[in-house]
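# Per-entry structural report
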Amino acid sequence: QYIYSASTLFSSNRRGRCFTIIRHPIERVQSLFYSLSISEHISLEMWARSRRVESNRLTRFLSNQLEGELTQNHLNTAKEVLRRKCIVGLFEEKVDSWQRFQRYFSMKLQSKDTECIDRYLSYDWKNKRLHPTVEEGSTVWNLLFSQNEFDMEMYHYALSLF
């Protein structure tokens, strides 16, 4: 919803672009599950079957349809917003993504800043957590996929934009 609120700051004379790092939806949802510290009380599969599991967060955010049913029109809107308004980076390509942002926004950094950024992007990011991975095609994968089908399409679209 913030991207729509921020759009009022810009016009055809004052254009703006945002940057984003997109993560594979299944990995993102799985990481969210473990970061919520609920894994001690419920399994990932039970959570994936519940109404509390994250559902197409990226598509909802970019189409401004935060609740309710999503349609192909919402997906198309989200893709258009991503294409026209965002510089796309990928979570699994953090270093290349950062370099892309630097070039686009003409960022000039000092060597101490570059060292810090390199360390952060390569191995020392704040909320890094190691947790079990979900095997593609497994019951849990399929449950999470079914809740995030539009975001899976968005992810593949983001790959093509990258």
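Preceding block: the structure.
Conventions adopted
Residues numbered from 1 in each chain as written. Predicted model: local features only at pLDDT ≥ 70, side-chain atom pairs only at ≥ 80, totals over all residues. Heavy atoms only, no water. Phe/Tyr/Trp six-rings, centres within 6.5 Å; stacked < 30°, edge-to-face > 60°. Helix = DSSP H or I, 4+ residues; strand = E, 2+ residues; numbered from the N terminus. Buried < 20%, exposed > 50% of the residue type's maximum accessible area, 1.4 Å probe, protein only. Salt bridge = Lys/Arg side-chain N within 4 Å of Asp/Glu carboxyl O. 1 Å grid on protein atoms, 1.4 Å probe; cavity = no way out; pocket = protein on both sides within 12 Å on 5 of 7 lines; lining within 4 Å. Points joined across faces, edges and corners; volume = space filled by probe spheres on them. Nonpolar A, V, L, I, M, F, W, Y, C, P; charged D, E, K, R; others polar. Expected span 1.5 Å × (residues − 1). Arc of directions from axis to C-beta. Disulfide = S-S within 2.5 Å. Pairing = 2+ DSSP bridges. Contact = heavy atoms within 4.5 Å.

## So, the packing of aromatic side chains
- In this structure the tally under the stated criterion is five aromatic pairs.
- Considering the side-chain rings of F19 and F101, the 4.7 Å spacing of their centres and the 40 degrees angle between planes classify their relative orientation as tilted. Placement of the pair is F19 in strand 1 (residues 18-22) and F101 in helix 6 (residues 94-105), with a sequence separation of 82 residues.
- According to the relative accessible area criterion, F19 is partly exposed, its value standing at 45%.
- What links up through ring pairs into an aromatic cluster is the set F19, F101, Y104 and F105.

## Points about the pattern of salt bridges
- In total, this model carries seven salt bridges according to the counting rule given.
- E153 serves as the salt-bridge partner of K79, at 3.8 Å between the closest nitrogen and oxygen. Here K79, found in helix 5 (residues 72-85), pairs with E153, found in helix 9 (residues 149-161); they are 74 residues apart in sequence, far enough to count as distant.
- Residue class for E153 comes out partly exposed when judged on its relative accessible area of 38%.
- For the salt bridge of R83 with E80, the shortest nitrogen-to-oxygen distance reads 2.7 Å.

## Description of the layout of surface pockets
- A volume near 480 Å³ is recorded for the second largest pocket.
- Lining the second largest pocket are 16 residues; nearest its centre among them are S7, F10, G16, R17 and K85.
- Residue assignment for the lining of the second largest pocket shows that the elements contributing at least two residues are helix 1 (2-6) and helix 5.
- With four residues, helix 1 is the largest single contributor of residues to the lining of the second largest pocket.
- Here the residues of the lining of the second largest pocket are counted per class, giving eight nonpolar, four polar and four charged.

## Observations regarding helix 6
- Over its twelve residues, helix 6 runs 16 Å from end to end, which matches the ideal 16 Å to within 8%, given 1.5 Å per residue.
- Turning to helix 6, its buried residues number three or more, namely K94, S97, F101 and Q102. Angular distribution of buried residues about the axis of helix 6 spans 140 degrees; they occupy a single face of the element.
- Taken from the residues just after helix 6, S106 is the one with a positive phi, measuring 50 degrees.

## With respect to the state of the cysteines
- All told, the structure shown has zero disulfides when counted by the stated rule.
- Free cysteine: C18, not disulfide-bonded; nearest cysteine sulfur from C86 at 3.1 Å.

## Quick notes on the pairing of strand 2 (residues 86-90)
- Within strand 2, five of the five residues are buried, which leaves it mostly tucked inside the rest of the structure.
- Burial along strand 2 is two-sided: C86, V88 and L90 and I87 and G89, pointing in opposite directions, are all buried.
- Two strands pair when backbone bridges link them, and strand 1 and strand 2 are joined in this way by five bridges, in the parallel orientation. In the strand pairing of strand 2, C18 is matched with C86.

## A few points about the side chain of S97
- Among the structural elements, S97 can be located in helix 6.
- S97 gets classed as buried once you look at its relative accessible area, which sits at 0%.
- Not counting residues up to four positions away in its chain, the partners in contact with S97 are I21, G89, L90 and F162.

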